[in-house]
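# Topology and contacts: notes
Listed below, chain by chain, are the residues.
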Amino acid sequence: MESHQHISTEEVVLECKGIGLSYKSEHSEPVEAISNINLSVQRNEIVSVIGPSGCGKSSLLSVISGLQAPTKGHVIHEGKIVTQPSFKRSMVFQQPHLFPWANVYSNIEWGLKRRNVEKKKREEKVKRILSDIGLSKWAKSYPHELSVGMKMRVAVGRALAQHANLLLMDEPFAALDYQTRLLMQKFMLGDASKRTILLVTHSIDEALLADRVIVLSQRPGRIIDEVKVGLVKPIDPTAKKYIQLKTYLANKIQEEVMKSVNDDGSWPSAVRMKDVWKHSPVD
Amino acid sequence: MKRLLLSLASIGLLVFLWEWLYRSDIINLFYFPPPSQFITFLFEENFNLGLGPERQNIFVSIVASSLRVLIGLIFSFSLGLLIGMGIWSIPLVNSMMMPIVRLFAPIAPIAWIPLALAIFGIGNVSAVFLVFMGTFFILVIATIGALNSIDRNLINVAKTLGADSSQIWRHVIVPSIIPNVFTILRINFIGAWMAVLAAEMVGLRDGLGAIILIGRESSNPDLILVGMTLIGIVGFIFDAFLIKIQKRIFWWSHINI
Ligand SMILES: Nc1ncnc2c1ncn2[C@@H]1O[C@H](COP(=O)(O)OP(=O)(O)OP(=O)(O)O)[C@@H](O)[C@H]1O
Ligand SMILES: [Mg+2]
């Protein structure tokens, strides 16, 4: 379990200092979702966050976005303490949450319009984004006419339109089919993207597209590991280094997940891994 | 199309039975003349019904009744939304006002007639007041209910997209609640419609309700049946119009995404 502070001369966009968050509940004890998160992200760096389900990944993004005030510590974005949400930190939520009364075009345009961006500029931008996410033909469709994967792409497009210098994404590609996922990953996380991204994901393959991977413990989420990826793109998934990293991270998560199942650390009998896979598959 | 034909056929059958019963000797339908009778009467009277100074063209009556309901509903819908949002957004006001609103809401529109006539006298204001009082409180409750069940995630999305609180109200909260509140309005339209007709019978002496009253006073079953039929048809058209608005303008009420 290494925990090294990232010290660099590069420009820091985001810093989390000792963030903790507890949810107060009316019917039970407060739920501690994350604890003592220290993290910094450089400009144009892509950092992915992985961890067991329910460990507090979405909660972490919600605090960083400014939607939730942390119970401990604080978030610094572009040198300023975060106290409320801002269009400078774009967020892609775990669900699409599109405005049902607005069509695809208007959903993407929504934030720009609220900020009184000139009509011509809006149009230019929305059209480009529509083509980037592959939905130009669907501009006039309404959210209920789209598949889940299409809705998620609109949500990504809506966040991208903000042109924020920090993009927070909560499993944005999980609902996409394999082929579309590859395209979206290439577009968002490829070398040419030049974006500062904090990406929550369940997929280790996807996490390895980042410059750095942060591993969270089971709830309350703490950082238990941080891996500098340092793979040259295009990535060769059969390369030894890739497989090593992947196996390392998979085992790390597995260990953590095992701690969070039944009280005695056993799996429910129905999910005995060996019944399905000879070796536990890596991703 | 097929459904329309079926509806027309069932109405046609009803009319046919009615005409046949009237002409047969099975029961005495003197006070219940069939369409052939009262429609002829309508033409003979040149579409002007009533006696002496109360005599009026039926289209004037239709417009009078419809406008009373329409204006009342426009007032109660917009004020219901506005007041509902006001009450909801201030917790103290919310807990103070809600008992009062809930006390007034169950009072049927018709029950306001004596008060309306006492305050506003005989006239259009009374009729509009009735529709308003009969629907306003229900719409306030509907607004608050819709606000309580609003999708917080949409508000969060709006915040991260840089919307300020007035923009969130205008562009997220209002479109979220309007379809639901409109549905409640539509459900309560019938009550408001009946209140206006009742008011026209007891006091206003014009509009569709008055036709029936005058028919009764002059013992003219044709007049009563003309009034009843028109009330049915106009009410039906009004309701169809509200459904159209709901489907065309506020279509996302029943859509979950
Ligand atoms: N609004 C809330 N109120 C109370 N508790 C909450 C709330 N949101 C999340 N939690 C709790 O906080 C913990 C972390 O939840 P969170 O959604 O952040 O997990 P996650 O890592 O994103 O999970 P997943 O991978 O399944 O999306 C969970 O135990 C959850 O029950
Ligand atoms: Mg989550």
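Remember, predicted model here, so these are calculated numbers, not experimental data.

### Concerning the overall build of chain A
Scanning chain A for helices and strands turns up 7 helices and 10 strands. Counting across all 283 residues of chain A, residues that qualify as buried make up 48%. Expressed as a percentage of contacts within chain A between residues at least 6 apart in sequence, the contacts between residues at least 24 apart total 67%. Entry remark: accessible area of chain A is about 14,700 Å², with carbon and sulfur atoms responsible for 51%.

### A word on the packing of aromatic side chains
One pass over the full model with this rule turns up 24 aromatic pairs over all chains. Taking 6.0 Å as the distance between ring centres and 80 degrees as the angle between the ring planes, the aromatic pair formed by B:Trp88 and B:Trp169 counts as edge-to-face. Of this pair, B:Trp88 sits in helix α3 (residues 58–89) while B:Trp169 sits in helix α8 (residues 165–204), and the two are 81 residues apart along the sequence. For the ring pair B:Trp193 and B:Phe238, a centre distance of 6.2 Å and an interplane angle of 40 degrees mean the geometry is tilted. Linking B:Trp193 in helix α8 with B:Phe238 in helix α10 (residues 221–248), this pair joins segments that are 45 residues apart in sequence. Grouping residues by exposure puts B:Trp193 and B:Phe238 together as buried. Linked through ring pairs, A:Phe99, A:Trp101, A:Trp110, A:Tyr142, B:Phe77, B:Phe182, B:Phe250, B:Trp251 and B:Trp252 together constitute an aromatic cluster. Over the aromatic face of A:Phe87 sits the side chain of A:Arg115, whose NZ or CZ is 3.9 Å from the ring centroid. The side chain of A:Arg158 reaches across the aromatic face of A:Phe99, ending 5.2 Å from its centre.

### Notes on the packing of helix α4 (residues 91–104) of chain B against helix α6 (residues 124–148) of chain B
Residues and elements named next belong to chain B. Relative to each other, α4 and α6 sit at 135 degrees, their axes nearing to 9 Å. Considered as vectors, α4 and α6 are oriented oblique to each other. α6 is crossed by α4, and the crossing has left-handed handedness. Residues Asn94, Met98, Val101, Arg102 and Phe104 of α4 form the contact with α6, whose own contacting residues are Phe137, Val140, Ile141 and Ile144. Its residues assigned to classes, the contact of α4 with α6 shows 7 nonpolar, 1 polar and 1 charged.

### A short note on helix α2 (residues 35–44) of chain B
Note on helix geometry: an α-helix contains 3.6 residues per turn, so any two residues three or four positions apart are oriented the same way. Residues and elements named next belong to chain B. Along α2, the residues classified as buried are Pro35, Phe38, Phe41 and Leu42. Buried positions in α2, seen along its axis, are confined to an arc of 135 degrees and lie on one side of it. Seen from the buried face of α2, the exposed residues on the opposite side, beyond 90 degrees, are Phe43 and Glu44. Turning to α2, the residues buried within the fold contact α1 (2–23), β1 (48–49), α3 and α10.

### A word on the confidence of the model for chain B
The share of residues in chain B with pLDDT of 70 or more is 98%, and the mean pLDDT across the chain is 88. Highest mean pLDDT in chain B belongs to helix α7 (residues 152–160) of chain B (96); lowest belongs to β1(B) (80).

### As for the coordination of the magnesium ion (ligand 2)
Residue and element names in this part refer to chain A. Protein-derived coordination of the magnesium ion (ligand 2) comes from Ser58 (OG) and Gln94 (OE1), at a distance range of 2.0 to 2.3 Å. Highlighted residues: Ser58 in helix α1 (residues 57–65) and Gln94 in the loop between β6 (89–92) and α2 (104–114), separated in sequence by 36 residues. Among the residues examined, Gln94 registers a relative accessible area of 36% and is labelled partly exposed.

### What about the site of ligand 1?
All names here are of chain A. Surrounding ligand 1, one finds 13 residues, the nearest of these being Ser53, Gly54, Lys57, Ser58 and Ser59. A distance of 2.7 Å separates an oxygen atom of ligand 1 from a polar atom in the side chain of Lys57. In the model, an oxygen atom of ligand 1 is placed 2.7 Å from a nitrogen or oxygen of the Ser58 side chain. In the complex, 64% of the free accessible area of ligand 1, which totals 640 Å², lies under the protein chains. Here the shell around ligand 1 gets 3 residues from one element, more than from any other, and that element is α1.

### Some points on the pairing of strand β3 (residues 46–50) of chain A
All names here are of chain A. The buried fraction of β3 amounts to 5 of the 5 residues, a majority that puts the element mostly inside the structure. What you see with β3 is no split at all: Ile46, Ser48 and Ile50 on one side and Val47 and Val49 on the other are buried throughout. For β3 and strand β9 (residues 212–216), the ladder comprises 4 bridges, and the chain directions are parallel. For Ser48, the partnering residue across the bridge sits in β9 and is Val213.

### Side note on the interface of chain B and chain A
Frequently, the measure chosen for interface size is the accessible area that the parts lose on association. With 20 residues of chain B at the contact, the number on the chain A side is 22 residues. Contact between chain B and chain A buries roughly 2,000 Å² in total, counting both sides, with carbon and sulfur atoms accounting for 77%. Counting every contact that joins chain B to chain A gives 0 salt bridges. Put simply, chain B and chain A have 1 residue pair in polar contact (both at pLDDT 80 or more) between them.

Rules and cut-offs
- Residue positions are given per chain, counted from 1 along the sequence in the order it is written.
- Each chain takes a letter, starting from A, and each ligand takes a number, starting from 1, following the order in which they are written.
- Local features in this predicted model are restricted to residues whose pLDDT is 70 or higher, and side-chain atom pairs enter the listing and the counts only when it is 80 or higher, whereas totals over whole chains, interfaces and linings include all residues.
- Heavy atoms from the whole structure form the basis of all side-chain values; hydrogens and water molecules are not counted.
- Here a helix means four or more residues in a row that DSSP labels H or I, a strand means two or more in a row labelled E, and each is numbered from the N terminus.
- Only protein chains enter the calculation, and the probe is 1.4 Å; a residue is then buried if its accessible area is under 20% of its type maximum, exposed if over 50%, and partly exposed in between.
- We call two residues in contact when some of their heavy atoms are within 4.5 Å.
- To measure how exposed things are, a 1.4 Å probe is used in the Shrake-Rupley method; for residues, cover is taken only from the protein chains shown.
- Within 6.5 Å between ring centres, the rings of Phe, Tyr and Trp (the latter by its six-membered ring) count as paired, and their orientation is classed by plane angle as stacked under 30 degrees, edge-to-face over 60, tilted in between.
- Counting as a charge over the ring demands two things of the Lys NZ or Arg CZ atom: a distance within 6 Å of the ring centre and an angle within 35 degrees of the ring normal.
- Orientation is described by lines fitted to C-alpha atoms, with helices fitted over the stretch in contact, and by angles between N-to-C directions that extend from 0 to 180 degrees.
- Any angle between 65 and 115 degrees counts as roughly perpendicular, while under 35 counts as roughly parallel, over 145 as roughly antiparallel, and the rest as oblique.
- Note on convention: near helix rotated counterclockwise from far helix by under a right angle means a left-handed crossing. Clockwise means right-handed.
- Here the term charged refers only to Asp, Glu, Lys and Arg, the term nonpolar to Ala, Val, Leu, Ile, Met, Phe, Trp, Tyr, Cys and Pro, and the term polar to all other amino acids, Gly among them.
- Regarding the arc, it is the one traced by the directions from the helix axis to the C-beta atoms.
- pLDDT expresses, on a scale from 0 to 100, how confident the predictor is about each individual residue.
- Distances define the donors: N, O and S atoms within 2.8 Å of the metal qualify, as do those within 3.2 Å of Na, K or Ca. Water is excluded, so some sites may look unfinished.
- Nearness is judged by heavy atoms alone; a residue qualifies as near a molecule or strand once a single heavy atom is within 4 Å of it.
- We define a polar contact as two N or O atoms separated by no more than 3.5 Å, with the added condition that, inside protein, one atom must be a possible hydrogen donor and the other a possible acceptor, whereas residues neighbouring each other in sequence contribute only through side-chain atom pairs.
- At least two bridges found by DSSP between two strands is the condition for calling them paired.
- Joining two parts hides part of their accessible area as seen by a 1.4 Å probe, and the buried area is that hidden amount summed over both.
- A side-chain nitrogen of Lys or Arg and a carboxyl oxygen of Asp or Glu constitute a salt bridge if their distance falls within 4 Å.

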